[in-house]
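# Inside the fold
Residues per chain, in single letters:
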Amino acid sequence: MTVFDQAFFHTDLSKQTSIFGLKLWVVIGVFCGAAVVLILFSISLCLTSRRRRSKPPTPPDVKEIVHHHHHRDLAPVPDIQIDIGRPDHRVVFSTGSQGSADSKGNSSFRDTAPSTTNVPQVSHLGWGRWYTLRELELATNGLADENVVGEGGYGIVYTGVLADHTKVAVKNLLNNRGQAEREFKVEVDAIGRVRHKNLVRLLGYCVEGAYRMLVYEYVNNGNLDQWLHGDVGEVSPLTWEIRLNIILGTARGLSYLHEGLEPKVIHRDIKSSNILLDQQWNAKVSDFGLAKLMCSENSYVTTRVMGTFGYVAPEYACTGMLNEKSDVYSFGILIMEIITGRTPVDYSRPKEEVNLVDWLKNMVGDRKSEEIVDPKMLKLPSPKALKRILLVALKCVDPDARKRPKMGQVIHMLEADEFLFGNDRRAGGESSRPLRRSHQSSNRQTDPL
């Protein structure tokens with residue numbers, strides 16, 4: 001290049017452009033720099049994507065759940081479309097190789113899952129197991145309607161069988177404006193490590209996309225509400241002894257939550273439908289979605305009262321004051337429900353019988369204790385046994401929360417009753433004689449409670 005050419009080239013690059021009045025050589029330099037940055041960014045994305053595909057998926061942190069998809073290079077997994085707006089959170093598979101979706105959104109599987117899905121995933125929480133969404137889909141037949149065993153305001157419970165033939169109950173939490181997230185964390189924190197024969201055991205969980213699922217042991221004899229208020233025939237299979245066993249088992253489970261754990265756990269939703277029963281009629285407290293962990297002896301004040309109408313303690317309903325005595329009140333209502341076979345509130349009955357607590361107190365005051373016993377119970381308890389169990393129930397529902405006993409004290413009273421009932425049976429007392437309802441009026445005692 002001649003000296004003339006160099007001078008011309010220099011003069012041309014020094015000209016001002018229309019881009020903010022910058023000189024031509026400055027504009028060229030900026031574009032070249034941007035191109036280099038873009039190339040480097042593309043290379044970085046490629047390398048990151050390759051690393052992610054080469055690593056196995058890890059379970060997300062429960063305390064800070066991030067919505068993301070897991071990628072595996074072991075076997076092709078169909079894309080999952082999460083439909084948040086649907087009330088039952090059905091899973092729809094977008095590919096047809098593994099299954100097909102019907103018009104309702106239920107997925108049906110034609111092929112069996114790869115063996116890799118049967119390998120247990122180690123939970124990062126130190127207990128239980130982390131289940132994949134695909135595992136639970138296969139176990140519950142695609143969250144099929146025929147697998148539903150329970151349904152509530154916060155989730156649907158399905159029965160399922162895992163690949164290792166373990167029968168489980170899978171609770172699929174509904175995504176109601178973050179309620180599923182809160183309930184998931186509460187249940188995991190409250191009973192994740194708890195092992196007690198009168199509490200339903202939480203085996204593991206699933207966190208994937210918008211899904212929050214809890215996997216429990218399967219309790220195979222339904223819940224107490226079904227046996228008390230369902231169609232069980234003219235004679236209930238719940239004998240007096242079975243009912244006492246259910247009451248005592250529930251008390252032991254609650255006592256462990258209140259007095260055997262730190263922080264203690266307030267259940268907040270004790271009711272008959274949350275008491276599951278096994279084949280030996282042993283009670284197991286379930287559904288800890290509303291539970292509250294409390295580290296001190298002081299009460300907790302909340303502006304949002306949670307629970308089921310008819311079971312909620314009056315001071316909690318009126319002031320939001322929550323402590324373990326709130327559970328004690330609900331337990332007292334439960335005792336009355338078990339003894340009478342009536343629901344806590346029943347608007348189909350006469351006005352004076354709508355509220356179970358008020359009606360029972362009036363009946364006891366009128367010396368009609370034996371008339372409150374569930375009419376479907378063939379054998380009546382001895383008058384002394386009935387009075388003592390009613391005394392426990394009335395103490396638990398005392399309007400003054402400070403006067404209610406703790407669950408440990410309740411157990412002592414119930415176990416004393418258990419000893420008394422044994423003596424009654426050995427002595428050939430009234431509890432051992434079948435008394436039919438047609439003869440009840442002639443056998444009714446007139447002594448007060």
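Residues numbered from 1 in each chain as written. Predicted model: local features only at pLDDT ≥ 70, side-chain atom pairs only at ≥ 80, totals over all residues. Heavy atoms only, no water.

Under the annotation held in an unreviewed UniProt entry, the protein chain carries the name non-specific serine/threonine protein kinase and is attributed to Kalanchoe fedtschenkoi. If you open the UniProt record of the protein chain and go to Sequence similarities (unreviewed entry), you find "Belongs to the protein kinase superfamily." Quoted verbatim from the Subcellular location (unreviewed entry) heading of the UniProt record, the comment on the protein chain is "Membrane". (UniProt positions renumbered as here; feature names shortened; annotations may be inferred.)

It is worth spelling out the pairing of strand β7 (residues 155-161) at this point. The buried fraction of β7 amounts to 5 of the 7 residues, a majority that puts the element mostly inside the structure. Pairing geometry for β7 and strand β8 (residues 167-173), over 7 bridges, is antiparallel. By the bridge assignment, Val157 is partnered in β8 with Lys171. Joining the antiparallel neighbours β7 and β8 is a turn of 5 residues, in which His165 adopts a positive phi near 75°. (Buried < 20%, exposed > 50% of the residue type's maximum accessible area, 1.4 Å probe, protein only. Helix = DSSP H or I, 4+ residues; strand = E, 2+ residues; numbered from the N terminus. Pairing = 2+ DSSP bridges.)

What follows concerns the layout of surface pockets. Each pocket or cavity is described by its volume, and for the largest pocket that value is around 740 Å³. As for the largest pocket, its lining consists of 31 residues, and the residues nearest its centre are Gly150, Val157, Ser273, Asn274 and Ser286. Broken down by secondary-structure element, the contributors of at least two residues to the lining of the largest pocket are β6 (148-151), β7, β8, α4 (179-191) and β10 (211-217). Split by residue class, the lining of the largest pocket holds 10 nonpolar, 13 polar and 8 charged. (1 Å grid on protein atoms, 1.4 Å probe; cavity = no way out; pocket = protein on both sides within 12 Å on 5 of 7 lines; lining within 4 Å. Points joined across faces, edges and corners; volume = space filled by probe spheres on them. Nonpolar A, V, L, I, M, F, W, Y, C, P; charged D, E, K, R; others polar.)

This brings us to the UniProt feature "transmembrane region" (unreviewed entry) in the protein chain. Feature annotation in UniProt places "transmembrane region" (unreviewed entry) on residues 24-47, given in this structure's numbering. The distance separating the terminal C-alpha atoms of residues 24-47 is 36 Å; by composition the span is 100% helix and 0% strand.

What follows deals with the nonpolar core. Membership of the largest hydrophobic core comes to 77 residues, with the highest contact counts inside it found for Leu224, Ile246, Phe331, Ile389 and Leu414. Core analysis: the second largest hydrophobic core is formed by 14 residues, Leu136, Ile156, Val170 and Met213 among them. (Core = buried A, V, L, I, M, F, W, Y, C linked by side-chain atoms within 4.5 Å.)

With that out of the way, let us pick up the pairing of β10. Judged by how many residues are buried, β10 sits mostly within the fold: 6 of 7 residues are covered. Note: β8 against β10, 5 bridges, orientation antiparallel. Among the inter-strand pairings, Val168 is bridged to a residue of β10, identified as Glu217. Across 6 bridges, the pairing between strand β9 (residues 202-208) and β10 is antiparallel.

The next point concerns the pattern of salt bridges. All chains considered together, the criterion is met by 12 salt bridges. The partner of Glu324 in a salt bridge is Lys264, with the nearest N and O atoms 3.0 Å apart. Highlighted residues: Glu324 in helix α8 (residues 324-340) and Lys264 in strand β11 (residues 264-266), separated in sequence by 60 residues. Both residues of the pair, Glu324 and Lys264, count as buried. The network of salt bridges with shared partners includes Arg342, Asp346, Arg349 and Glu353. (Salt bridge = Lys/Arg side-chain N within 4 Å of Asp/Glu carboxyl O.)

This part covers the environment of Ile275. Relative to the helices and strands, Ile275 resides in strand β12 (residues 275-277). Put simply, Ile275 and Ile246 are 29 residues apart on the chain and 8.7 Å apart in space, counted from C-alpha to C-alpha. Aside from chain neighbours lying at most four places away, what touches Ile275 is Gly222, Asn223, Leu224, Ile246, Thr250, Ala283, Lys284, Val285 and Leu334. (Contact = heavy atoms within 4.5 Å.)

As a further point, take the packing of α8 against helix α9 (residues 356-365). Packing of α8 against α9 leaves a shortest axis separation of 11 Å and a crossing angle of 65°. Remark: the crossing between α8 and α9 carries left-handed chirality. The segment α8 lies against α9, with Tyr329, Ile333, Met336, Glu337 and Thr340 engaging Leu356, Val357, Trp359 and Leu360. In the contact of α8 with α9, the residues fall into 7 nonpolar, 1 polar and 1 charged. (Axes fitted to C-alpha atoms, helices over the stretch in contact; angles between N-to-C directions. Left-handed = near helix turned anticlockwise from the far one by under 90°.)

With that settled, consider unusual backbone geometry. The linkage connecting Glu262 with the following residue, Pro263, adopts the cis geometry, with an omega of 0°. Note that Pro263 resides in the loop between α6 (240-259) and β11. The phi torsion at Leu143 lies on the positive side, around 50°, for a residue other than glycine. Along the chain, Leu143 turns up in the loop between α3 (133-139) and β6.

Turning our attention to the UniProt feature "binding site: ATP" (unreviewed entry) in the protein chain. Per the UniProt annotation, the sites labelled "binding site: ATP" (unreviewed entry) are Lys171. Here Lys171 is to be found in strand β8. Apart from residues no more than four positions distant in its own chain, Lys171 is found in contact with Ile156, Val157, Glu183, Glu187, Arg212, Met213, Leu214, Tyr216 and Asp287.

Taken as a whole and judged by the stated rule, the model has 4 cavities of 30 Å³ or more. In this structure, the largest cavity encloses a volume near 80 Å³. Lining the largest cavity are 14 residues, and of these Arg268, Met306, Tyr311, Val312 and Ser330 lie nearest its centre. When residues of the lining of the largest cavity are assigned to their parent elements, the largest contribution, 3 residues, is made by α8. Grouping the amino acids of the lining of the largest cavity by side-chain chemistry returns 7 nonpolar, 4 polar and 3 charged.

Let us look at the packing of α6 against helix α10 (residues 383-396). Contact geometry for α6 and α10: axes closest at 13 Å, N-to-C directions at 25°. Here α10 runs roughly parallel to α6, going by the angle between their axes. Here α6 and α10 pass one another in a crossing that is left-handed. Each of Trp240, Leu244 and Ile247 in α6 lies in contact with α10, whose residues at this interface are Ala385, Leu386 and Ile389. Across the contact of α6 with α10, the residue classes tally to 6 nonpolar, no polar and no charged. (Parallel < 35°, antiparallel > 145°, perpendicular 65-115°, else oblique.)

The strands making up a sheet associate through hydrogen bonds between their backbones, and the pairing can be parallel or antiparallel. Taking strand neighbours across the sheet as the criterion, the 6 strands line up as β5-β9-β10-β8-β7-β6 in an open arrangement whose pairing is mixed. In the strand order of this sheet, the two ends are held by β5 (129-130) and β6, each with one partner.

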